[in-house]
Structure formats: C-alpha cells, structure tokens
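Okay, here's what each chain looks like letter by letter:
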Amino acid sequence: MIDFAQRTIDLARQNVAEGGRPFATVIAKNGEILAESANKVAQTNDPTAHAEILAIREACTKLGTEHLVGTTIYVLAHPCPMCLGSLYYCSPDEVVFLTTRDGYEPHYVDDRKYFELATFYGEFAKDWRDRRLPMRYEPRAAAVDVYRFWQERNGGQRTATVVPPG
Ligand SMILES: [Zn+2]
C-alpha cells in the first residue's frame, strides 16, 4: 500500500532542495500513482505551474479524459483559488490536504499585487466591481453569438460535457 500523503511530502521536500517552492500533488487511482508533480513556478517562471495544475494535466492526458472521477488527489497545502477551481473542474472523488494556510504561513508567504494569502479567497468572493484586480465589462453581442454558434454545432444542446458516473 503506497503512502500517498508521504509521497506528496517527499516530492515537495525534494523540490525545495532543488530550488523549487514547497508544494506537491499526487493523484491516486486504484491504489496506484496515476500522476504527480511538484510546483514548478520557480523553475519555469510560469505562474500557473502549480503542482495541482501540472499533475491534473498529466493525469487527464494519460486517461484521455477531462474528468478525474475515481481518483483521490493529495496536495501538500489547502489549494489556492486557481487550483481549487481546477479541482472542481476535474471532479475527483476526494481532495486530501496535508497542511492549512494557517499552518504554513509562519514559514512561507506568496503575496501578490492584488491579494495576500490571508485575503485571496475573500477577493474571489467579491463582486467583480469590488475586486482589487481591475476588471472592465465590455459587452458585445457578437460574443454571445459565438456561444449560439457552438450550440448550433452541438445539435442544439447547451451541455458541453457529461461527468462519468462512479
Ligand atoms: Zn495553486
């Protein structure tokens, strides 16, 4: 029996030793490791190269699906909003986190121009007009037409995908 939590910790420790940031993700399916990754932001300058994103991409590519039903996803820390969103999108059976923000914050901080670790979920919950990230709504009828075109090409159905059972 693989200790997926320990594997997640080991991956993150190894990443820190190699100059990376202290995060890792392991995706388990049927008692095996389907995919895994550490955070690669420091190594790649890609702000989306969080461990969750990279591991989800690898798992979905391997399985040939955008749904990770039937998997358990282990993460070193409670996910950031970007990763939480991607976890919602891929529909795993369960997400297991091994530390909280409060637990690691005395040792690691990753504040940004528009949010701090302590406030980022609050920022996301606000109406778009009230967020610190400047956003502008520029309505165009032709933008909705793209969705109408998609629906026409999809036999009149709106539904883009069906989550597999199980
Ligand atoms: Zn993240």
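Residues numbered from 1 in each chain as written. Predicted model: local features only at pLDDT ≥ 70, side-chain atom pairs only at ≥ 80, totals over all residues. Heavy atoms only, no water.

**Section: the overall build of the protein chain**
For clarity, the cut-off: Helical segments are the DSSP runs of H or I of at least four residues, strand segments are the runs of E of at least two, and each set is numbered from the N terminus. Accessibility here uses a 1.4 Å probe with only protein chains present; expressed as a share of the type maximum, an area under 20% marks a residue as buried, one over 50% as exposed, and anything in between as partly exposed. When charges are counted, neither His nor the chain ends are considered; positive counts come from Lys and Arg and negative counts from Asp and Glu. By convention, charge coordinates are those of NZ in Lys, CZ in Arg, CG in Asp, or CD in Glu.
Per the secondary structure count, the protein chain includes seven helices and four strands. Secondary structure elements of the protein chain, listed N to C terminal, follow the sequence α-β-β-α-α-β-α-β-α-α-α. Projected onto the principal axes, the alpha-carbon positions of the protein chain cover approximately 50 × 40 × 25 Å. Looking at the protein chain as a whole, 30% of its 166 residues are labelled buried. Between the centroid of the 19 positive side chains of the protein chain and the centroid of its 22 negative side chains there is a distance of 7 Å.

**Comments concerning the pairing of strand β4 (residues 94–97)**
Rule in force here: Pairing between two strands is assigned when DSSP locates at least 2 bridges connecting them. Classification remark: right-handed applies to a crossover when, strands pointing away from the viewer, the course from the first strand over the helix to the second runs clockwise.
Sheet topology note: the strand β3 (residues 71–75)/β4 ladder contains four bridges and is parallel. Within the sheet, the bridge partner assigned to I73 lies in β4 and is V95. In this fold, β3 hands off to helix α4 (residues 81–90), which returns the chain to β4; that crossover is right-handed.

**Comments concerning the coordination of the zinc ion**
Where we set the bar: Donor selection uses N, O and S atoms within 2.8 Å of the metal (3.2 Å for Na, K and Ca). Since no water is included, sites may look incomplete.
At 2.0 to 2.3 Å from the zinc ion lie its protein donor atoms, namely H50 (ND1), C80 (SG) and C83 (SG). Spacing between the donor residues of the zinc ion along the chain follows H-x29-C-x2-C. Classification of C83 by relative accessible area gives buried; the value is 0%.

**Description of helix α7 (residues 141–153)**
Defined as follows: The span expected for a helix works out to 1.5 Å for each residue beyond the first.
Here α7 is 13 residues long and its end C-alpha atoms lie 19 Å apart, about the 18 Å a rise of 1.5 Å per residue gives. Of the residues one or two after α7, G155 is the one with positive phi, at around 65°.

**Description of the packing of aromatic side chains**
Defined as follows: Stacked, edge-to-face and tilted are the three classes for Phe, Tyr and Trp ring pairs, Trp counted by its six-membered ring, which pair at centre distances within 6.5 Å; planes under 30 degrees apart are stacked, over 60 edge-to-face, the rest tilted.
One pass over the structure, following the stated rule, counts six aromatic pairs. When the ring of F23 is compared with that of Y104, the centres are 5.9 Å apart and the planes differ by 85°; the resulting orientation is edge-to-face. Residue F23 is found in the loop between α1 (4–17) and β1 (24–29), and its partner Y104 is found in helix α5 (residues 101–104); the two are separated by 81 residues along the sequence. Each member of the pair, F23 together with Y104, is buried. For the pair F23 and Y108, a centre-to-centre distance of 5.2 Å together with 80° between the ring planes defines the contact as edge-to-face. Pair noted here: F23 is in the loop between α1 and β1 and Y108 is in the loop between α5 and α6 (120–125), with a separation of 85 residues, a long-range link. We classify F23 as buried; its relative accessible area is 16%. Y108 gets classed as buried once you look at its relative accessible area, which sits at 16%.

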